[in-house]
Amino acid sequence: MFTFRSPLRALPITALAVAGLAGLTACGGEAGAGGGGGKSEIVASFYPVGWLAGKIGGPDATVATLTSPGTEPHDLELSPRQIADVGKADYTVYVKGLQPAVDDAVAKHAKGKALDAASVVKQLPAPAEPGEGEEHGHEHGHEHEGEGEGEAGHDHGPTDPHIWLDPSRMATIATALGDRLAAADSAHAAGYKSRAAALAGELNRLDQEFKDGLKTCERKTIVTAHAAFGYLTDRYGLQQISIAGVDPGTEPSPKRLADLTHEVRESKATTIFTETLVSPKVAETLARSAGVRTAVLDPVEGIKEGSSDDYLSVMRKNLQTLKPALGCT
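All residue numbers refer to positions counted from 1 along the written sequence of the respective chain. Selection of residues for local features in this predicted model requires a pLDDT of at least 70, selection of side-chain atom pairs for listing and counting requires 80 or more, and totals for whole chains, interfaces and linings are taken over all residues. With hydrogens and water excluded, all non-hydrogen atoms of the structure serve as input to the side-chain values.

A. Representation of the overall build of the chain in the model. Along its length, the chain carries 10 helices and 10 strands. Throughout, exposure labels follow a simple rule: accessible area from a 1.4 Å probe, protein chains only, divided by the maximum for the residue type, with under 20% read as buried, over 50% as exposed, and the rest as partly exposed. Counting the 329 residues in the chain, one finds 53% classified as buried. Two residues form a contact once any of their heavy atoms are found within 4.5 Å. Sequence separation of 24 or more characterises 67% of the internal contacts of the chain that already satisfy a separation of 6 or more. Here, Shrake-Rupley sampling with a 1.4 Å probe gives the accessible areas, and only protein chains in the shown set may cover a residue. Counting only carbon and sulfur atoms, one obtains 53% of the accessible surface of the chain, whose full area is about 14000 Å². Only DSSP runs of H or I reaching four residues or more are called helices, and only runs of E reaching two or more are called strands; each is numbered from the N terminus.

What follows is the structure, encoded as structure tokens:
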């Protein structure tokens, strides 16, 4: 099994200044080249890419994740220590546009030894912020090229960063990461490529499960806490109405809530989907107003500490949650 290191938790800058160089040196083995007893040291920005890196790295690598378990990843701030770790690591894997602090650290300290997972798959344009434009937060299931298309996504750039919610794209990323790690650590190239191929196979099987499970459904609209599920809805012919935009921290205005109530009733949705890492209060208010129920649909942005779940098990739970909500047979 791979070694999944403890997350690199951000510390206040004042505390780091007091700790000084001695503190940095004492903890330097957590994520940096040479700290893993001959294993490649990989830094992952947040859970989904950390899970991929761990599965593909196997016994040949250690993985440290910048985002703590159970933490909403969008607004991650990096400590100076974490930025240094990105520079020291043998390889970094991240999703450009999701966490600006990571994007900046990679650009400054890890050029040539990092994989932007979003760069190896077809991307969708960032959704319009709810309440903007004619669609009021609807996202329809149509495929687009990512570069330069669609509405600019506020702090997250022109494309939707939630690529990991399409298992078929995750399979493509797994293959690309296996190739990159093999090139960076040729002594273990065969292992990286073999594990990547096996993982891509698992992800493609998951993709087929979603295709089969969502093929015949009475309803096609899901109402979500934030606009995280565009890739899932695009892949499986669904539509998304979101309460918040790409960033789950934004709250709707009273007018937007009233509009959402109308949209939910019009769509004949039976369920408002809440999330594991975001407060459900607004979604619960909307559900009461629209006269529907709530259920958890996990965007798999992180796994709570101590949980036995992983990406595959959470996605399968999502499928089992979607099927009754959409009336699938």
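B. Layout of unusual backbone geometry. The phi dihedral of K268 falls on the positive side, at around 65°, and the residue is not glycine. Even without a glycine there, the phi angle at V300 is positive, about 55°. With respect to the secondary-structure elements, V300 resides in the loop between β10 (293-296) and α10 (311-326). The exposure class of V300 is buried, given its relative accessible area of 0%.

C. Structural view of the side chain of D298. Tracing the backbone through its elements, the reader meets D298 in the loop between β10 and α10. Definition of a polar contact: a pair of N or O atoms within 3.5 Å, with one able to donate and the other able to accept a hydrogen when the atoms are protein atoms, and with sequence-neighbouring residues admitted only if both atoms are side-chain atoms. At 3.4 Å, the side chain of D298 forms a polar contact with the side chain of T276. Polar contacts involving the side chain of D298 include one to the main-chain amide nitrogen of V300, which spans 2.8 Å. When near neighbours in sequence (up to four residues on either side) are disregarded, D298 contacts L165, F229, T276, V314 and N318.

D. A look at the packing of helix α2 (residues 47-57) against helix α6 (residues 189-213). Angles shown run from 0 to 180 degrees and are taken between the N-to-C directions of axes, each axis being a line fitted to C-alpha atoms and, for helices, limited to the stretch in contact. With their axes 8 Å apart at the nearest point, α2 and α6 run at an angle of 130° to one another. Between α2 and α6, the crossing angle belongs to the class labelled oblique. Residues W51, L52, K55, I56 and G57 of α2 touch α6, and the partners they reach there are Y192, R195, A196, L199 and L203. Classifying every residue of the contact of α2 with α6 by side-chain character gives 7 nonpolar, 1 polar and 2 charged. Angles are sorted into four bins: roughly parallel if under 35 degrees, roughly antiparallel if over 145, roughly perpendicular if 65 to 115, and oblique for all others. Residue type decides the class: Asp, Glu, Lys and Arg count as charged, Ala, Val, Leu, Ile, Met, Phe, Trp, Tyr, Cys and Pro as nonpolar, and the leftover types, Gly among them, as polar.

E. Representation of the nonpolar core. Here, nonpolar core means buried Ala, Val, Leu, Ile, Met, Phe, Trp, Tyr and Cys residues that are tied together by side-chain atoms lying within 4.5 Å of each other. The biggest cluster of nonpolar side chains holds 61 residues, and the ones touching the most others in it are L203, L214 and Y311. Listing elements by their share of this core, those giving two or more residues are β2 (40-44), α2, β3 (61-65), β4 (91-94), α5 (167-184), α6, α7 (230-236) and α10. If near-sequence neighbours (up to four positions away) are discounted, L214 is found in contact with K220, Y236, L238, L319, L322, K323, L326 and C328.

F. Seen up close, the pattern of salt bridges. Think of a salt bridge as a Lys or Arg side-chain nitrogen and an Asp or Glu carboxyl oxygen that are within 4 Å of each other. Counted under the stated rule, the structure contains 13 salt bridges. Here R256 makes a salt bridge to E263, at a shortest N to O gap of 2.8 Å. Taken as a pair, R256 and E263 share a single burial class, namely buried. A salt bridge links K317 to D309; the nearest nitrogen and oxygen atoms lie 2.8 Å apart. Classification of D309 as partly exposed rests on a relative accessible area of 22%. The structure contains a network of salt bridges with shared partners spanning D166, R169, D207, K211 and R235.

G. The arrangement of the packing of aromatic side chains in detail. Aromatic rings from Phe, Tyr and Trp, with only the six-membered ring used for Trp, were paired whenever their centres fell within 6.5 Å, and each pair was classed as stacked if the ring planes differed by under 30 degrees, edge-to-face if by over 60, and tilted otherwise. By the definition in use, this model includes 3 aromatic pairs. Ring geometry for F46 against W164: centres 4.9 Å apart, planes inclined by 75°, an arrangement best described as edge-to-face. With F46 in the loop between β2 and α2 and W164 in the loop between β6 (138-139) and α5, the pair connects residues that are 118 residues apart, well separated along the chain. Taken individually, F46 and W164 each receive the classification buried, so the pair is uniform in this respect.

H. Structural view of the packing of α2 against α5. Relative orientation of the contacting elements α2 and α5 amounts to 55°, with a least axis distance of 10 Å. With respect to α5, the element α2 is oriented oblique. By crossing handedness, the relation of α2 to α5 is classed as right-handed. Contacts from P48, W51, L52, A53 and I56 of α2 reach α5 at M170, I173, A174, L177, G178 and L181. For any helix crossing, the convention is left-handed if the near helix is rotated counterclockwise from the far helix by under a right angle, and right-handed if that rotation is clockwise.

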